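# Descriptive analysis of the structure
What follows is the residue order along each chain.
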Amino acid sequence: MEPKEQLSEWIESSSNIVFFGGAGVSTESKIPDFRSVDGLYHQEYDYPPETILSHTFFMRETEEFFRFYRSKMLFPDAEPNNAHKALANLERTGKLRAVITQNIDGLHQKAGSREVLELHGSVLRNYCMHCGSPYSLEDIMAQTGIPKCECGGTIKPDVVLYEEGLDTYTMEKAVSYIRNAELLMIGGTSLAVYPASGLIDYYRGDKLVLINKDKTSRDSQADLVLHDPIGEVLSPWSK
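In this report, the structure presented in the accompanying data block is examined. (Residues numbered from 1 in each chain as written. Predicted model: local features only at pLDDT ≥ 70, side-chain atom pairs only at ≥ 80, totals over all residues. Heavy atoms only, no water.)

Overall, antiparallel pairing links the three strands, which are arranged S5-S4-S6 in an open sheet. Only two strands of the sheet have a single partner each, and these edge strands are strand S5 (134–135) and strand S6 (155–159). Alignment of strand S4 (residues 121–128) against S5, held across two bridges, turns out to be antiparallel. Each residue of the ladder has a partner; that of Tyr127, found in S5, is Pro134. Contacts from helix H4 (residues 62–72) reach S4 and S6, with the element oriented near 50° to S6. (Pairing = 2+ DSSP bridges. Helix = DSSP H or I, 4+ residues; strand = E, 2+ residues; numbered from the N terminus. Contact = heavy atoms within 4.5 Å. Axes fitted to C-alpha atoms, helices over the stretch in contact; angles between N-to-C directions.)

Right, here's the structure in full:
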């Protein structure tokens, strides 16, 4: 049986699907993948992106952080692609239980997904580090330099920077969904970033599907591997 036929058969027969995705899910929405040839890691800045996107750099060089952040991390006009739409539809029909994502763009919710666990936070949420007041993406875009709260405090995006830990509650919930999944679909991720990539080890079933344009270090563990764009693979369910 062809891989896409096998995937279709598994999806149609499953009622407890969990999806775990990375940057590759959003590249078809024209949001660059950090590690792709044209991605953020190859842009020219005074510091490498790993440094700029660290907690230490944010605290010490806040203005430079926001110059990079506004230029390379915010895509307010991005729209969901077929992968996002398909996952939202599968949730609506009762097949998919949760989307676990490493992305911070909010496109799963924009497509209509409700149970979305954002391991690395979201650019749509921001808060004052002094008084805790919430701010929107539009508020960040409207200001220049370091965004400031009415109280004078610095506004920080609710995204997990390097050196910062993942939210414990979100991780525990993700582990629970994966552990109990009948079908686990992993897409658009090289599975190179820990601790998020370690979540795959909690899966106990026999329908592990990896969808990624490039090979991953976990291909040999999967029950089904598709090296195709994820929007293309999931397009039958996007309508």
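Structure shown, so let's carry the discussion forward.
Together, Met59, Tyr127 and Met129 make up a nonpolar patch on the protein surface, roughly 270 Å² of accessible area in all. Tracing the backbone through its elements, the reader meets Tyr127 in strand S4. The class for Tyr127 is partly exposed, based on a relative accessible area of 32%. (Patch = residues over 30% accessible without salt bridge, like charges linked within 9 Å, V, L, I, M, F, W, Y side chains within 5 Å. Areas by Shrake-Rupley, 256 points an atom, 1.4 Å probe, with all protein chains shown as cover. Salt bridge = Lys/Arg side-chain N within 4 Å of Asp/Glu carboxyl O. Buried < 20%, exposed > 50% of the residue type's maximum accessible area, 1.4 Å probe, protein only.)

Within the secondary structure, Ser122 is located in strand S4. Owing to a relative accessible area of 1%, Ser122 belongs among the buried residues under this scheme. At 3.0 Å, the side chain of Ser122 and the backbone nitrogen of Leu124 are in polar contact. Ignoring sequence-local partners within four residues, the contact set of Ser122 consists of Ile104, Asp158 and Val159. (Polar contact = N/O pair within 3.5 Å; in protein donor to acceptor, adjacent residues only side chain to side chain.)

Here the focus is the pattern of salt bridges. Inspection of every chain in the model, using the stated rule, returns nine salt bridges. Between Lys4 and Glu232 there is a salt bridge whose closest N-O contact spans 3.1 Å. Placement of the pair is Lys4 in helix H1 (residues 3–13) and Glu232 in helix H9 (residues 230–234), with a sequence separation of 228 residues. Judged by its relative accessible area of 40%, Lys4 is partly exposed. A relative accessible area of 41% places Glu232 in the partly exposed class. Of the charged contacts, one joins Glu79 and Lys110 as a salt bridge, the two residues approaching to 3.3 Å between their closest N and O atoms. Taken together, the residues span a long stretch of sequence, with Glu79 in the loop between H4 and helix H5 (82–92) and Lys110 in helix H6 (residues 107–111) at a distance of 31 residues. On the basis of relative accessibility, which here comes to 47%, the residue Glu79 falls in the partly exposed class. What emerges from the salt-bridge pattern is a single network uniting Glu118, Arg125 and Asp158.

Take the sheet that holds strand S1 (residues 17–21) next. In a beta sheet, neighbouring strands are held together by backbone hydrogen bonds and run either parallel or antiparallel to one another. Spatial strand order, S3-S2-S1-S7-S8-S9: six strands in an open sheet with parallel pairing. One side of each edge strand has no neighbouring strand; the edge strands of this open sheet are strand S3 (116–118) and strand S9 (224–226). If you compare each strand with its neighbour and ignore which way they point, the axes differ by 15° on average. Of the strand pairs in this sheet, strand S2 (residues 96–101) and S3 are connected by three bridges, and their pairing is parallel. Looking across to S3, one finds that Ile100 is bridged to Leu117. The strands touched by H1 within the sheet are S1, strand S7 (183–187), strand S8 (208–211) and S9, with S9 carrying the most contacts at an inclination of about 125°. Against the sheet, helix H8 (residues 168–180) engages S1, S2, S3 and S7, with an angle of about 135° to S3.

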